[in-house]
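# What the coordinates show
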Amino acid sequence: MKNKKLVMLLVSLMLIFSLAACSSGSNSENNPGSTNAASDKASNDPAATNASGETTDAEVGAGDSKETPEMDFDMGGRTIKIVNFWSLEIGEDNPDNIQRKKNLEALMKKHNFKVEYVVLDQAEYQNKVTASLLAGEPVGDIISIARSYTIPTLVSQDLLWPVDEYTKNDKVFDPKVTNEIMQYNGRGYGFGGYPGGATGFFYNRTLMNNLGMKPLQEYVDEDNWNWETFIQVIKEANKDTNNDGKLDTWGLAGGGFLDSALASNETALVKGDKQNLDDPKTVEALNFLSKLNTEKLVRPSEGGDWTEPSQFFRQGNTLLYLSGAYEAEGLRKDMKDFDFGFIPFPKGPNGTSYNTPDSNPWAMVIPKAVENPEQLVYIWEKIEDYDSVYDYHLQSWYETMFDNEVDINNVKVASNRFYLDSLATFPSMPYYAFGDEIAKGQSVSTVIETYKTPFQAAIDEVYKK
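Source: prediction; values computed, not measured.

### Topic: the overall build of the protein
On a plain count of helices and strands, the protein comes out with 17 helices and 14 strands. In the protein, which comprises 465 residues, the share counted as buried stands at 58%. For the protein, long-range pairs separated by at least 24 residues make up 79% of all intrachain contacts whose partners lie at least 6 apart in sequence. Here the protein displays about 18,800 Å² of accessible surface, and carbon together with sulfur accounts for 46% of that area.

Next comes the structure, spelled out in structure tokens:
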């Protein structure tokens, strides 16, 4: 293992909420299960919470150390409360966690403090955290929180400390979290580590081979996995193999992946405090989705709910199914007679990388009512300052899901997060109605003109304009 210093991150928070969205169900074509970020398992294991992909020391600035110099302070026996909706207490289940716990114990002794892990019920989490901040009596000193109700609502009321001056160590802190996701009026109000896990397409290798198709991995290897080749592959798999006049194999199970399409073209429905529907890159993404539906490339619904695409794929007669990498374990149990793989969502015309969309990321914040925020961020940084025993992020977990190194590498490649504000941030946004109009084959230009005003109204409601 190269001496990579890896980090504690909040991807588990983002992902567990995606799971919650999936379980809530929706009959919409654009359901949470097919449009949100990868829904991966929550874990306090550094193998499931450290820097993404195969990020090297050079990529995170190893040659230019940004570590905070050693600080000498006494917290007077203070108890630091760390809040989440499951316990973030450090376990001793692997070497990395053991080292993190040793780091914490040394810090507690040196700086004279204790730690309490506070767990709040998930259903009441947002309300309790928000109410405590407004009352000036925060539920904790370091609180995990979603961007959707933090930016701009909480920070505009001066309820949180800006922390960007304390999070320069990009071996521990993901700069995107502080400087982009949790940024407001030029300051960063949250911190977290590098995310992992991915949304992409599971594909049925057995069906692919039976149909005599070009291996899908070759498109990725050639850097030719894009919207055009994706549509080509779907058409090749839509076949009537027994010549009865009806399709009996299909290329794609479910076309309701609005966020993934936007992320693949590196655009969004919202840009800052403005709707972004008529941005050329957004229009391209909407036309791409419209083509899938108007040309009837997607396997037709049989009246099922949002789980129908998953069920179609499990039947073994549909080539592609969009989901989070986490679903590999369940697919393996249900598809024992089939070999399947994982590839990224194809790049759009303006895509520079394979992306996983994330419309409601989480981060750690420090309430304004809490003293000495620089000390709290320093402690967090030093807990996560260690040399991992793993070769790459999420190694132990990925290896339980996939036994093919190509698939594991595709998950790593696809794990790059593209953050976009959407329904989570703007509750009044007619997101599903908008997506359904596109899915029904309505003119993209007409849909855009119809929804520009209600989208902007939903944004203005949050930004109080």
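Picking up where we left off.
### Focus on the sheet that holds strand 6 (residues 199-204)
Strands sit in the order 7-10-6-11 across an open sheet of four strands; the sheet is mixed. Among the strands making up the open sheet, the edge pair consists of strand 7 (250-253) and strand 11 (340-344). Along the sheet, successive strands turn relative to each other by an average axial angle of 25°, direction set aside. Across five bridges, the pairing between strand 6 and strand 10 (residues 318-324) is antiparallel. Looking across to strand 10, one finds that Thr-199 is bridged to Gly-324. Strand contacts of helix 15 (residues 405-414): strand 6 and strand 11, with the helix running at about 25° to strand 11, the strand carrying the most contacts.

### Quick notes on the packing of aromatic side chains
Inspection of the entire model under this criterion finds 27 aromatic pairs. Geometrically, the ring pair formed by Phe-85 and Trp-86 is edge-to-face, given 5.2 Å between the ring centres and 75° between the ring planes. Residue class for Phe-85 comes out buried when judged on its relative accessible area of 9%. With a centroid separation of 4.3 Å and 5° between ring planes, the pair formed by Trp-227 and Phe-288 is classed as stacked. Residue Trp-227 is located in helix 8 (residues 227-237), and its partner Phe-288 is located in helix 10 (residues 280-294); the two are separated by 61 residues in the primary sequence. Judged by relative accessible area, which is 9%, Trp-227 ranks as buried. Put simply, the rings of Phe-201, Tyr-219, Trp-225, Trp-227, Phe-230, Phe-257, Phe-288 and Phe-345 pair up and form one aromatic cluster. Sitting above the plane of the Tyr-219 ring, Lys-214 keeps its charged end 4.3 Å from the centroid.

The rules we used
Residues numbered from 1 in each chain as written. Predicted model: local features only at pLDDT ≥ 70, side-chain atom pairs only at ≥ 80, totals over all residues. Heavy atoms only, no water. Helix = DSSP H or I, 4+ residues; strand = E, 2+ residues; numbered from the N terminus. Buried < 20%, exposed > 50% of the residue type's maximum accessible area, 1.4 Å probe, protein only. Contact = heavy atoms within 4.5 Å. Areas by Shrake-Rupley, 256 points an atom, 1.4 Å probe, with all protein chains shown as cover. Pairing = 2+ DSSP bridges. Axes fitted to C-alpha atoms, helices over the stretch in contact; angles between N-to-C directions. Phe/Tyr/Trp six-rings, centres within 6.5 Å; stacked < 30°, edge-to-face > 60°. Lys NZ or Arg CZ within 6 Å of the ring centre and 35° of its normal.

From the geometry alone we can't say anything about function, so treat these as descriptive.
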